[in-house]
Amino acid sequence: MSNNSNPDNQASEASTEAKRILTGIKPTGIPHLGNYVGAIRPAIKSIQNSEHEAFFFLADYHGIIGCYDPAVIHESTKVIAATWIACGLDPERVTFYRQSDVPEIPELAWILNCSCAKGLMNRAHAYKAAVDINTEKADVDPDQGITMGLFGYPVLMAADILMFNATHVPVGRDQVQHIEMARDIAGTFNHRYKTLFTLPSAVVDEDIPLLTGLDGRKMSKSYSNTIPLFGEPNPQISSEKQMHKAIMKIVTNSQLPDEPKDPDDSALFEIYKAFATPAEIADMRAQYAAGIGWGDAKQVLFDKINDEIAPFRARYEELMANPKELEEILQMGANKARRHSRKQLDKARRAIGIRPLAKLK
Ligand code: TRP
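Since the structure is predicted, the reported quantities are computational estimates derived from the model, not experimental observations.

Looking at this model, I keep getting lost on helix α9 (residues 153–162). Mind explaining?
Residues spaced three or four apart along an α-helix point in a common direction, a consequence of the helix completing one turn every 3.6 residues. Burial within α9 is extensive, with 10 of its 10 residues counted as buried. When α9 is considered as a whole, its buried residues turn out to be Tyr 153, Pro 154, Val 155, Leu 156, Met 157, Ala 158, Ala 159, Asp 160, Ile 161 and Leu 162.

Here it is in structure tokens:
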């Protein structure tokens with residue numbers, strides 16, 4: 001992992017000290033292979049191999065920004081919690097919670113809002129992109145359809161991070177600006193009141209593959225071209241069969257079996273690389289050169305992915321059928337999280353002048 005931020009920040013200066021890793025997952029969809037390879041697998045692995053404290057949470061208050069379907073938010077919270085646990089996240093080892101179960105977070109967000117410059121938020125990529133789309137249209141207000149939630153998204157994210165004094169925040173490239181803003185917001189608060197918040201650093205893993213979807217574009221929910229990790233709940237067709245079907249649908253060119261094929265021009269090969277060992281990858285390259293048929297290449301790809309995912313399926317199905325167990329896990333996480341958040345919010349309130357007038361017996 002490469003540390004993406006400014007080298008002279010607090011977190012890297014304190015590199016001999018323990019790290020506190022924190023990341024949020026927005027519950028607004030069904031996890032797909034791209035999410036697994038790009039976020040779930042590396043996050044779980046990085047924790048398994050380290051001694052550092054870790055906080056992972058479902059960012060449902062971020063999820064409701066732009067998703068107005070209560071059923072999607074609710075179902076996706078369940079699916080995503082079940083996915084992370086089934087894929088090996090140990091809720092004893094990691095503090096795993098739902099953002100909305102920690103009410104101190106939105107309280108802190110309000111406090112931070114009151115010292116965060118509006119101009120800083122004007123520069124946020126997601127907000128600017130929304131304004132740009134409006135500006136291109138004639139007779140449309142630049143802020144049309146933009147909520148205060150979208151505008152203040154980075155402040156809530158800063159509260160998520162600063163609440164726990166996280167030092168390292170693993171994120172995708174699109175989120176780096178938000179971590180920089182959290183540093184900025186922390187710096188302003190620390191300067192104005194007293195030093196309270198640790199300045200976080202974004203951690204971007206440059207080696208993480210971006211997967212291509214069924215249609216040849218980047219695999220993304222917004223293109224409806226994804227291969228779901230565990231499939232949709234469906235008693236008629238098993239999760240394994242759904243994955244097989246999706247893989248068989250990946251678009252290829254029209255080359256026939258026995259024609260030599262270019263692996264570097266193939267979505268199949270690219271996905272294969274995300275699951276295979278270097279020796280298996282080299283062997284597959286040779287098979288492409290030798291003209292493996294697309295049908296066979298798809299079957300090999302399915303078997304490879306299935307070897308890795310199949311062992312998680314039973315646990316996933318068990319959790320999906322037993323939401324009470326999931327809820328208990330999330331409540332355990334919330335209790336752990338709130339041990340920190342109550343103290344941190346109290347410190348922030350005291351710093352700004354909000355504290356009891358006198359002690360009552
Ligand atoms: N905004 C992040 C995303 O869309 C999710 C998120 C919310 C997050 N709060 C966070 C990530 C805090 C890291 C730290 O992916």
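Honestly, the packing of helix α5 (residues 104–113) against α9 in this entry has me stumped. Any pointers?
Relative to each other, α5 and α9 sit at 120°, their axes nearing to 8 Å. Comparing the axis directions of α5 and α9 gives the class oblique. Crossing of α5 against α9: the hand is right-handed. Between α5 and α9, the contacting residues are Ile 105, Pro 106, Leu 108, Ala 109, Leu 112 and Asn 113 on the first element and Val 155, Leu 156, Ala 158, Ala 159, Asp 160 and Leu 162 on the second. Looking at the contact of α5 with α9, its residues break down into 10 nonpolar, one polar and one charged.

For this particular structure, what's the right way to read the pairing of strand β4 (residues 95–98)?
For a regular strand, side chains alternate in direction, first toward one face of the sheet and then toward the other. Of the two faces of β4, the one holding Thr 95 and Tyr 97 and the one holding Phe 96 and Arg 98 are both buried throughout. Of the strand pairs in this sheet, strand β3 (residues 53–58) and β4 are connected by four bridges, and their pairing is parallel. Residue pairing for β4: Phe 57 is matched across the bridge by Tyr 97.

What should I look at first to understand the environment of Pro 235 in this one?
Structurally, Pro 235 is set in the loop between β6 (201–204) and α11 (239–248). For the pair Pro 235 and Ile 352, spaced 117 residues apart in sequence, the C-alpha to C-alpha distance is 55 Å.

Would you mind going over the packing of aromatic side chains with me for this structure?
The geometry of an aromatic ring pair is captured by the separation of the ring centres together with the interplanar angle, meaning the angle of the planes. Applying the stated criterion across every chain yields a total of 12 aromatic pairs. Ring geometry for Phe 56 and Trp 84: centres 5.7 Å apart, planes at 80°, overall edge-to-face. Of this pair, Phe 56 sits in strand β3 while Trp 84 sits in helix α4 (residues 70–86); the two residues are 28 residues apart in sequence, bridging distant segments of the chain. Of the two residues examined, Phe 56 and Trp 84, each falls in the buried class.

Definitions and cut-offs
Residues numbered from 1 in each chain as written. Predicted model: local features only at pLDDT ≥ 70, side-chain atom pairs only at ≥ 80, totals over all residues. Heavy atoms only, no water. Buried < 20%, exposed > 50% of the residue type's maximum accessible area, 1.4 Å probe, protein only. Helix = DSSP H or I, 4+ residues; strand = E, 2+ residues; numbered from the N terminus. Axes fitted to C-alpha atoms, helices over the stretch in contact; angles between N-to-C directions. Parallel < 35°, antiparallel > 145°, perpendicular 65-115°, else oblique. Left-handed = near helix turned anticlockwise from the far one by under 90°. Contact = heavy atoms within 4.5 Å. Nonpolar A, V, L, I, M, F, W, Y, C, P; charged D, E, K, R; others polar. Pairing = 2+ DSSP bridges. Phe/Tyr/Trp six-rings, centres within 6.5 Å; stacked < 30°, edge-to-face > 60°.

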